[in-house]
Amino acid sequence: MRISTDQIQELNHNGESQHRRQFQFLQEELQKKGIDTETVIRKLQDFQVAVPSWALGAGGTRFGRFSYGGEPANLEEKIKDVGLIHALTQSAGAISLHIPWDIPGDPEVIMKLAAREGLVFDAMNSNTFQDQPSFAPINIGAPDGRQEQHSYKFGSLCHTDRSIRVNAVDHNKEVIDIGVSLGSKSLTVWLADGSSFPGQLNFRKALDRSLDSLREIYAYMPSDWKLFIEYKPYEPYFYSTVIQDWGTSHLLAGECGKNAYCLVDLGHHLPNTNIEQIVATLLWRGKLGGFHFNDSKYGDDDLTVGSIKPYQLFLIFNELVNVPGHNPTPAWMIDASHNLKDPLEDLMQSLEAIRLAYAQALIVDQGALETARNANDVSLCQEILQGSYRTDLRPLLKEARIRSGGALDPIGIYRRLEVRDALIAERGLKTVATGL
Ligand code: LRH
Ligand code: MN
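Residues numbered from 1 in each chain as written. Chains lettered and ligands numbered in written order. Predicted model: local features only at pLDDT ≥ 70, side-chain atom pairs only at ≥ 80, totals over all residues. Heavy atoms only, no water.

(A) Layout of the pattern of salt bridges. By the definition in use, this model includes 22 salt bridges. Between R401 and E352 there is a salt bridge, with its nearest N and O atoms 2.9 Å apart. Pair noted here: R401 is in helix α13 (residues 394–403) and E352 is in helix α10 (residues 343–362), with a separation of 49 residues, a long-range link. Looking at E352, the relative accessible area reads 22%, which means it is partly exposed. Salt bridges here are not isolated pairs; linked through shared partners, they connect E16, R20, E38, E399 and R403. (Salt bridge = Lys/Arg side-chain N within 4 Å of Asp/Glu carboxyl O. Helix = DSSP H or I, 4+ residues; strand = E, 2+ residues; numbered from the N terminus. Buried < 20%, exposed > 50% of the residue type's maximum accessible area, 1.4 Å probe, protein only.)

(B) Spotlight on the environment of E28. By secondary structure assignment, the location of E28 is in helix α1 (residues 5–32). Judged by its relative accessible area of 43%, E28 is partly exposed. Sequence separation between E28 and D409 is 381 residues; the distance between their C-alpha atoms is 23 Å.

(C) Expanded view of the coordination of the manganese ion (ligand 2). Protein ligation of the manganese ion (ligand 2) involves E230 (OE), D265 (OD), H292 (ND1) and D335 (OD), the donor distances falling in the range 2.1 to 2.2 Å. For the manganese ion (ligand 2), the 6 donor atoms in the first shell make angles of 72 to 170° at the metal, so the coordination geometry reads as octahedral. Read N to C, the donor residues that coordinate the manganese ion (ligand 2) are spaced as E-x34-D-x26-H-x42-D. Taken together, the positions of E230 in strand β11 (residues 226–230) and D335 in the loop between β15 (331–334) and α10 put the pair 105 residues apart, joining distant regions of the chain. Take E230 and D335: they sit in the same class, and that class is buried. (Donors = N, O, S within 2.8 Å, 3.2 Å for Na, K, Ca; no water. Tetrahedral: all angles 85-135°; square planar, octahedral: opposite > 155°, others 65-115°.)

(D) Main features of the nonpolar core. By size, the foremost hydrophobic cluster in this structure holds 111 residues, and its most contacted members are I79, L187, L227, F291, F293, F317 and L320. Counting 8 residues, the second largest nonpolar core, distinct from the first, contains A50, A94, A123 and A331. (Core = buried A, V, L, I, M, F, W, Y, C linked by side-chain atoms within 4.5 Å.)

(E) Summary view of the site of ligand 1. Every residue close to ligand 1 is listed here: W54, H98, F129, W190, E230, K232, D265, H268, H292, D300, D335 and L436. At 3.2 Å, a side-chain N or O of H292 approaches an oxygen atom of ligand 1. Protein contacts shield 97% of the accessible area of ligand 1, which totals 300 Å² for the unbound molecule. In a pocket analysis with a 2 Å cut-off to the grid points, ligand 1 is assigned to the largest pocket. (Near = heavy atom within 4 Å. Polar contact = N/O pair within 3.5 Å; in protein donor to acceptor, adjacent residues only side chain to side chain. Areas by Shrake-Rupley, 256 points an atom, 1.4 Å probe, with all protein chains shown as cover. 1 Å grid on protein atoms, 1.4 Å probe; cavity = no way out; pocket = protein on both sides within 12 Å on 5 of 7 lines; lining within 4 Å. Sits in = over half its atoms within 2 Å of the grid points.)

(F) Summary view of the state of the cysteines. Applying the stated criterion across every chain yields a total of 0 disulfides. With no disulfide of its own, C158 lies closest to C256 among cysteine sulfurs, the gap being 15 Å. (Disulfide = S-S within 2.5 Å.)

(G) Broad picture of the packing of aromatic side chains. Tallied over the full model, the rule gives 16 aromatic pairs. Considering the side-chain rings of Y311 and F314, the 5.8 Å spacing of their centres and the 25° angle between planes classify their relative orientation as stacked. Taken together, the residues span about one helical turn, with Y311 and F314 both in helix α9 (residues 310–318) at a distance of 3 residues. Judged by its relative accessible area of 26%, Y311 is partly exposed. Feature note: the residues F47, F291, F293, F317, W332 and Y358 constitute an aromatic cluster, connected by ring pairs. Positioned over the ring face of Y261 is K287, at 5.1 Å from the centre of the ring. (Phe/Tyr/Trp six-rings, centres within 6.5 Å; stacked < 30°, edge-to-face > 60°. Lys NZ or Arg CZ within 6 Å of the ring centre and 35° of its normal.)

(H) Local environment of the layout of surface pockets. The calculated volume of the largest pocket comes to roughly 960 Å³. If you trace the largest pocket, you find 31 residues lining it, with K232, E235, D300, D302 and L436 closest to the centre. The set of elements that each furnish at least two residues to the lining of the largest pocket consists of β2 (60–61) and β9 (186–190). In the lining of the largest pocket, the residues fall into 10 nonpolar, 12 polar and 9 charged. Taken together, 16 residues form the lining of the second largest pocket, with D122, T329, P330, A331 and W332 sitting closest to its centre. Counting only elements with at least two residues in the lining of the second largest pocket, the list comes to β5 (120–121), β11 and β15. Residues belonging to the lining of the second largest pocket are distributed by class as follows: 8 nonpolar, 4 polar and 4 charged. (Points joined across faces, edges and corners; volume = space filled by probe spheres on them. Nonpolar A, V, L, I, M, F, W, Y, C, P; charged D, E, K, R; others polar.)

(I) The arrangement of the environment of V120 in detail. Within the secondary structure, V120 is located in strand β5. Sequence separation between V120 and A55 is 65 residues; the distance between their C-alpha atoms is 17 Å. Setting aside chain neighbours within four positions, we find V120 in contact with G93, A94 and I95. (Contact = heavy atoms within 4.5 Å.)

(J) Geometry of unusual backbone geometry. At the junction of I99 and P100, the peptide bond is cis and its omega measures out at 15° in the coordinates. Following the sequence through the fold, P100 ends up in the loop between β4 (94–96) and α4 (107–116). Backbone torsion omega between E235 and P236 reads 10°, so that peptide bond is classified as cis. The residue E235 is not glycine, and still its phi comes out positive at about 70°.

Set out below in structure tokens:
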């Protein structure tokens, strides 16, 4: 199923006049405040977010998974689904692959298909948190010669057994090779490595082994690649994680080299953590590599972006409107799991929330804010920030979208064209997408 620009423009007609009125009113209001709306619109058009290949089917929890019907059964269908989202939103121009869930059969063919959908490949993701069927039994040096199944059960890059660390490093090298064949320029390493009981792990030795392994992966990367080190405080282990927080990720990235950065997954913070301050701190030292956008109320819930804490998302983007020269443009990526909603609708809602937060941050008068801060005029600081946050900028997002050939109302058109039914008719009800 593909949606043509003509179909979208045809269906945009109904809402065109109402949009024109709302956009004109907003444009006049913003210009009165000296805001250059054309610049904001151009920045929104250029702002592309990568869709995770592992979130195009119904996600699950340990308590169950409810299939969605019409799920993509292979990488080709996943790329087509991201193509659908991109056609409607004009803001999902990239896909982030997870290996081995998305090993391309023929990279040439896959690149051509992605190009046809207007997509590029963002960060590759390795997986040393699940054992693979291919894992061979290993010698554990037991006197009786007993062998044990090679496993990441007790870790990967930090494992006490060198052969398992080597295996995990080799996997990351394979992921880099696949990424090179697809034109990707970065690798995200998230390690489940950790412990569930006090005493189980020697924290410092685990860091030593992890650093050695990360350095080997870093050395293998092409010189124009970036390594993103993703941190997480807990899960799947429930006492410690080797790379538990931004500080540990920053230390390891610093030890690896100038092309190693920290990756901020919004769900990987303990309750009430000030994430916007972490973002500012990483920018301060030029080590902010990118984001995994999602939202959460309690743990790593992987919910729709902006569905629980939209103000926090705005405050994070307020730290990002002026990325200092010594920090590369961060990688903008979604990492969510769709247990209840249609995955494609959920992703379109996440894209809208991300672009809205970005737009709201773009209209903040940073000069006035700095003046108020220097005067310690606390009330005025809040008035300036919340004034922007409380401005309904959706007509600006719509204008940016239709100027790029997208939909005024992406989910409206998605439903109007009964896309999910068409996907079910094409793929059936039982297809299960690889991923979480
Ligand atoms: C770990 C994580 C990581 C991915 C996985 C799908 O919680 O955020 O980024 O590899 O989710
Ligand atoms: Mn993540």
